[in-house]
Amino acid sequence: MSAKDKKIAFFIPCLFRRSDNFIFECIEGIHNNYPDSDIVIVDSCSKKQHQGYLQELKDQYGDKIKSILNNSKFEWGAYVKAHHEFRDKYDIIFCIQDSLIIKSKISLKGIDDKTVLTFENFSNNFSG
């Protein structure tokens, strides 16, 4: 099965605050570059008054947005929780922060089950 035929998901932990939050730009970048992927947002105990962002995203992007609420185990715990619930549903999983904005497709050439890609942000370009 080629990378093109594989089911892709993005796992994103998010503690939402109205100011200084990039989750909308993050999701837009994923949608623009991976329109067939699913996005699992693990909310890390955002205040109830701020949890409406999930519904806003679901209204805009539909069923591709999945969510898990009340993660209190910080970033790593969010990835573990998402992996536990969704690991058997996807062939490729990206674990990214909500402040990472994808501006182009990431090459999956040569990816196998034992490969992990890591990315650093240098002047708004990705290297890995």
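Heads up: the structure comes first, above all this text.
Predicted, not measured: the structure shown is a model, and the values here were computed from it.

Calculation criteria
- Residues numbered from 1 in each chain as written.
- Predicted model: local features only at pLDDT ≥ 70, side-chain atom pairs only at ≥ 80, totals over all residues.
- Heavy atoms only, no water.
- Helix = DSSP H or I, 4+ residues; strand = E, 2+ residues; numbered from the N terminus.
- Buried < 20%, exposed > 50% of the residue type's maximum accessible area, 1.4 Å probe, protein only.
- Contact = heavy atoms within 4.5 Å.
- Areas by Shrake-Rupley, 256 points an atom, 1.4 Å probe, with all protein chains shown as cover.
- Core = buried A, V, L, I, M, F, W, Y, C linked by side-chain atoms within 4.5 Å.
- Salt bridge = Lys/Arg side-chain N within 4 Å of Asp/Glu carboxyl O.

> Pulling in residues and values, what's your account of the overall build of the protein?
Scanning the protein from N- to C-terminus turns up three helices and six strands. Sequence-ordered secondary structure for the protein, helices as α and strands as β, is β-α-β-α-β-α-β-β-β. Burial status across the protein gives 38% buried among its 128 residues. Partitioning the contacts of the protein with sequence separation of at least 6, the portion at a separation of at least 24 is 69%. Of the roughly 8400 Å² that the protein leaves accessible, carbon and sulfur atoms contribute 49%.

> Account for the nonpolar core, naming residues and giving values.
Of all hydrophobic cores here, the largest spans 23 residues; its most connected members are F10, I12, I27, I30, I41 and F94. Where this core is concerned, the elements lending two or more residues are β1 (8–14), α1 (23–33), β2 (38–43), α2 (52–61) and β4 (92–95). With residues near it in sequence (within four places) discarded, I41 still touches I12, C14, I27, Y53, L54, L57, I65, K66, S67 and I68. With ten residues, the next largest nonpolar core counts V42, I68, A78 and Y90 among its residues.

> Before we move on, could you go through the pattern of salt bridges and cite the residues and values that matter?
Working definition: two side chains of opposite charge can pair if their charged atoms are close together. Across all of its chains, the model carries one salt bridge by this definition. Between K7 and D38 there is a salt bridge, with the nearest N and O atoms lying 3.4 Å from each other. Pair noted here: K7 is in the segment before β1 and D38 is in strand β2, with a separation of 31 residues, a long-range link. A relative accessible area of 37% means that K7 is categorised as partly exposed. Taking the relative accessible area as the measure of exposure, D38 reaches 10% and is therefore buried.

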